[in-house]
Amino acid sequence: MSTTTATRSGVRPAALTRWGGWSCVVIAVGHSVLGAIKGAEHWAGWAAGELQGGLGAAKPVYSELSFWAVPGGFAVPLLLLGLLAVGRAREGRPLPGYVGWALLAWAAFGAYVTFPLFGFFLVFVPAALFLLAAREARLAS
C-alpha cells in the first residue's frame with residue numbers, strides 16, 4: 001500500500017501508525033527519565049551486583065522494585081515497538097491489528113491495577129492509533 005493513498009475517512013494508515021509509533025517512543029523515554037531520576041539511589045547497588053543471586057536470594061526490596069519498574073520494565077520494549085511502528089509507517093504499512101489489541105489489553109489491565117495513576121492511560125493513545133490504522137488499511141484493500 002502506498003503512503004499517499006488515503007482511505008474512506010481521509011486518514012492514511014501510515015500517518016496513524018507513525019503517530020502511534022512516536023507516541024510509544026515519547027511514553028517510553030518519559031517513563032525511563034522519570035524512573036531513572038527516582039531510582040538513581042539504586043544505580044550503584046545494581047552495578048555492584050546487589051540483585052544477583054537468583055530466586056530466593058536476599059535482595060534489597062526497594063532496589064529490586066525500582067529495577068523492575070525502569071530498566072527491567074516495559075520502557076525498552078515499548079521504545080522498540082514505537083521505532084518498529086515508525087519504520088513500518090515509512091514503508092506505508094501499518095502494524096497488524098493484534099498489536100493494537102494486545103497493547104490496549106495490557107494498558108487496560110495496567111490502568112485498572114494502578115488506578116488512579118495516569119501512566120497506563122497514556123498507552124491507550126498509541127493502541128487506538130494502531131487499531132485505527134489497521135482498520136483503515138483493511139477497508140482500503
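All figures in this text were calculated on a predicted structure; none of them were measured in a lab.

Draft legend 1. Spatial organisation of the pattern of salt bridges. Overall, the coordinates contain three salt bridges when judged by the stated rule. The partner of Arg93 in a salt bridge is Glu91, with the nearest N and O atoms 2.9 Å apart. According to the relative accessible area criterion, Arg93 is partly exposed, its value standing at 39%. For the salt bridge of Arg135 with Glu136, the shortest nitrogen-to-oxygen distance reads 3.2 Å.

Draft legend 2. Main features of the nonpolar core. With 13 residues, the main nonpolar core has Cys24, Leu78, Leu81, Leu95, Leu103 and Phe130 as its most contacted residues. Going through the elements one at a time, α1 (13–38), α4 (75–90), α5 (97–114) and α7 (124–140) are the ones with two or more residues in this core.

Draft legend 3. Here's a closer look at the layout of surface pockets. Quantified by volume, the largest pocket comes out at close to 690 Å³. Taken together, 20 residues make up the lining of the largest pocket; nearest its centre are His31, Leu34, Phe74, Leu117 and Gly119. At seven residues, α1 tops the list of elements feeding residues into the lining of the largest pocket. Considered class by class, the residues forming the lining of the largest pocket number twelve nonpolar, seven polar and one charged.

Draft legend 4. How the structure looks around the packing of α1 against α7. Axis separation between α1 and α7 bottoms out at 8 Å; the angle between their running directions is 160°. Classified by the angle between their axes, α1 and α7 sit roughly antiparallel to one another. In terms of crossing hand, the pair formed by α1 and α7 is left-handed. In contact with Pro13, Leu16, Thr17, Trp19, Gly20, Gly21, Ser23, Cys24 and Ile27 of α1, α7 contributes Val125, Pro126, Leu129, Phe130, Leu132, Ala133, Glu136 and Ala137.

Draft legend 5. The packing of α1 against α4, seen in detail. Across the interface, α1 lies against α4 with an axial gap of 7 Å and an inter-helix angle of 155°. In terms of orientation, α1 and α4 fall into the roughly antiparallel class. Crossing of α1 over α4 shows left-handed handedness. Residues Ala14, Thr17, Arg18, Gly21, Trp22, Cys24, Val25, Ile27, Ala28, Val29, His31 and Ser32 of α1 lie in contact with α4, whose contacting residues are Ala75, Leu78, Leu79, Leu81, Gly82, Leu83, Ala85, Val86, Ala89 and Arg90.

Draft legend 6. Representation of the side chain of Ser66 in the model. Relative to the helices and strands, Ser66 resides in helix α3 (residues 61–69). What makes Ser66 buried here is its relative accessible area of 14%.

Draft legend 7. Quick look at unusual backbone geometry. A cis amide bond, omega 15°, links Phe115 with the succeeding residue Pro116. Structurally, the position occupied by Pro116 is in the loop between α5 and α6 (119–122).

Draft legend 8. Looking closely at a nonpolar patch on the surface. Taken together, the side chains of Trp22, Val76, Leu80 and Leu83 define a hydrophobic patch exposed on the protein surface, amounting to about 380 Å² of accessible area. For the nonpolar patch, the leading source of residues is α4, giving three residues. Along the polypeptide, Leu80 turns up in helix α4. Its relative accessible area of 53% is what places Leu80 among the exposed residues.

What counts and how
Residues numbered from 1 in each chain as written. Predicted model: local features only at pLDDT ≥ 70, side-chain atom pairs only at ≥ 80, totals over all residues. Heavy atoms only, no water. Salt bridge = Lys/Arg side-chain N within 4 Å of Asp/Glu carboxyl O. Buried < 20%, exposed > 50% of the residue type's maximum accessible area, 1.4 Å probe, protein only. Core = buried A, V, L, I, M, F, W, Y, C linked by side-chain atoms within 4.5 Å. Helix = DSSP H or I, 4+ residues; strand = E, 2+ residues; numbered from the N terminus. 1 Å grid on protein atoms, 1.4 Å probe; cavity = no way out; pocket = protein on both sides within 12 Å on 5 of 7 lines; lining within 4 Å. Points joined across faces, edges and corners; volume = space filled by probe spheres on them. Nonpolar A, V, L, I, M, F, W, Y, C, P; charged D, E, K, R; others polar. Axes fitted to C-alpha atoms, helices over the stretch in contact; angles between N-to-C directions. Parallel < 35°, antiparallel > 145°, perpendicular 65-115°, else oblique. Left-handed = near helix turned anticlockwise from the far one by under 90°. Contact = heavy atoms within 4.5 Å. Patch = residues over 30% accessible without salt bridge, like charges linked within 9 Å, V, L, I, M, F, W, Y side chains within 5 Å. Areas by Shrake-Rupley, 256 points an atom, 1.4 Å probe, with all protein chains shown as cover.

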